[in-house]
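A structural walkthrough
Below, each chain spelled out in residue letters.
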Amino acid sequence: MMMMRAMMIRREEAAKVAVATAAVAKANKIENPMETLVAFSKFERNGVTATVECVRSGALSASDVEWAYSLTRDNMRDQYIGGGWGWNDHDKRDEIFDERAWFIVARSAVDQQPLGFVDFRFDVDEQMEVLYVYEIQLEKDARRKGLGRFLMQLAQLIAAKAAMQKVVATVFKVNAPSMKFFLQTLKFDYDESSPCAVDPANPDEYTHEIVSKRLRPQTAPAAAPSGGASAS
């Protein structure tokens, strides 16, 4: 009886993975994730005016690649090392610019210099189809202007329109501003796969948490936040 139950569970899990894999494959065939989100192609708030686009990693220019990597390294290297994950330039480049990666990039409307980006993938995580945020990085002068929230709102809309079940991100616990941003500003929750949920008795054993937000797929074009394509 127990063996039959175990087989049924394995079949159910395999079926879930198959469905999620098919959903991810379909999402990755989308030519332009922002096609019905044109209202989000411009951000204007708190002295920042920017254009926004979503492209595959392979469509980034060489200068954009170097900028995105340098910004990530400058912002995250110490956290990776301090968190016990270590830092390897080659491995991190491979991860950021994986052929499956998409980039939401914000550029100054004045001189087209990049201001920030979200690096994400459509992926299967815990038997679910998800949009996994690998990086969200902003230039110092573009922070606390509402741009990060705007880019993440856009990522959530892209995920919903691609029929993903949730948006997921990994955050270092030492990065208090980032934890606050996800949990309070964006209203994410600790994911069921996060260390605090899986092993709550040993919080000191982990230097990161996994946060997520469940989604309802949208079929109608979304409107930009009030006051134009901006976020508070």
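Residues numbered from 1 in each chain as written. Predicted model: local features only at pLDDT ≥ 70, side-chain atom pairs only at ≥ 80, totals over all residues. Heavy atoms only, no water.

Another point: the side chain of Gln156. The topology assignment puts Gln156 in helix 4 (residues 147-161). With sequence-adjacent residues up to four places away left out, Gln156 is seen in contact with Val167, Leu186, Phe188, Lys213 and Leu215. (Helix = DSSP H or I, 4+ residues; strand = E, 2+ residues; numbered from the N terminus. Contact = heavy atoms within 4.5 Å.)

Ordered in space as 1-2-3-4-5-6-8-7, the 8 strands form an open sheet in which the pairing is mixed. The sheet terminates laterally at strand 1 (42-45) and strand 7 (189-190), the two strands that pair on one side only. The pairing of strand 3 (residues 102-108) with strand 4 (residues 114-125) spans 6 bridges and is antiparallel. Looking at the pairing, Val105 lines up with Phe117 of strand 4. Across the sheet, helix 4 is in contact with strand 1, strand 2 (48-56), strand 3, strand 4, strand 5 (128-138), strand 6 (166-172) and strand 8 (208-214); its angle to strand 5 comes to roughly 160°. Strands strand 5, strand 6, strand 7 and strand 8 of the sheet are contacted by helix 5 (residues 176-185), whose axis makes an angle of about 160° with strand 6. (Pairing = 2+ DSSP bridges. Axes fitted to C-alpha atoms, helices over the stretch in contact; angles between N-to-C directions.)

The full count for this structure, using the stated rule, is 16 aromatic pairs. Between Phe97 and Phe103, the aromatic rings sit 5.7 Å apart at their centres with planes inclined by 10°, giving stacked as the arrangement. Judged on exposure class, the residue Phe97 and its partner Phe103 are both buried. Taken together, the aromatic side chains of Tyr69, Tyr80, Trp85, Trp87 and Phe172 make up a single cluster linked through ring pairs. For the cation-ring pair, Arg93 lies above Tyr69, with the distance from its terminal atom to the ring centre recorded as 4.2 Å. Between the NZ or CZ atom of Arg121 and the centre of the ring of Tyr134, over which it lies, the distance is 4.1 Å. (Phe/Tyr/Trp six-rings, centres within 6.5 Å; stacked < 30°, edge-to-face > 60°. Buried < 20%, exposed > 50% of the residue type's maximum accessible area, 1.4 Å probe, protein only. Lys NZ or Arg CZ within 6 Å of the ring centre and 35° of its normal.)

This part covers unusual backbone geometry. Non-glycine residue Gln112 carries a positive phi angle of around 65°. Turning to its location among the elements, Gln112 is positioned in the loop between strand 3 and strand 4. A positive phi angle is found at Gln127, which is not glycine, with a value near 70°. Structurally, the position occupied by Gln127 is in the loop between strand 4 and strand 5.

Okay, the side chain of Asn175 next. Relative to the assigned elements, Asn175 resides in the loop between strand 6 and helix 5. Using a relative accessible area of 17% as the deciding quantity, one classes Asn175 as buried. Reaching out from Asn175, the side chain makes a polar contact with the side chain of Gln79 at a distance of 3.3 Å. (Polar contact = N/O pair within 3.5 Å; in protein donor to acceptor, adjacent residues only side chain to side chain.)

A separate point is helix 5. The complete set of buried residues in helix 5 reads Ser178, Met179, Phe181 and Phe182. Projection of helix 5 onto a plane perpendicular to its axis shows the buried side chains occupying an angular sector of 160°, all on one side. Check the buried side of helix 5 and you find it contacts strand 5, helix 4, strand 6, strand 7 and strand 8. (Arc of directions from axis to C-beta.)

Right, let's get into the packing of helix 4 against helix 5. In the contact formed by helix 4 and helix 5, the axes pass within 12 Å of each other and the chain directions differ by 55°. Classified by the interaxial angle, the pair formed by helix 4 and helix 5 is oblique. Judged by the sense of rotation from one axis to the other, the crossing of helix 4 with helix 5 is right-handed. For the pair helix 4 and helix 5, the contacting residues are Gly148, Arg149 and Met152 in the first and Phe181, Phe182 and Thr185 in the second. Split by residue class, the contact of helix 4 with helix 5 holds 3 nonpolar, 2 polar and 1 charged. (Parallel < 35°, antiparallel > 145°, perpendicular 65-115°, else oblique. Left-handed = near helix turned anticlockwise from the far one by under 90°. Nonpolar A, V, L, I, M, F, W, Y, C, P; charged D, E, K, R; others polar.)

What follows covers helix 2 (residues 62-82). Between its first and last C-alpha atoms helix 2 spans 30 Å; for 21 residues at 1.5 Å apiece the expected length is 30 Å, and the two agree. All of the buried residues along helix 2 are Asp64, Val65, Trp67, Ala68, Tyr69, Leu71, Thr72, Met76, Gln79 and Tyr80. Next to the buried residues of helix 2 lie helix 3 (89-96), strand 3, strand 4, strand 5 and strand 6. Once helix 2 finishes, Gly84 follows within two positions and takes phi at roughly 85°, a positive value. (Expected span 1.5 Å × (residues − 1).)

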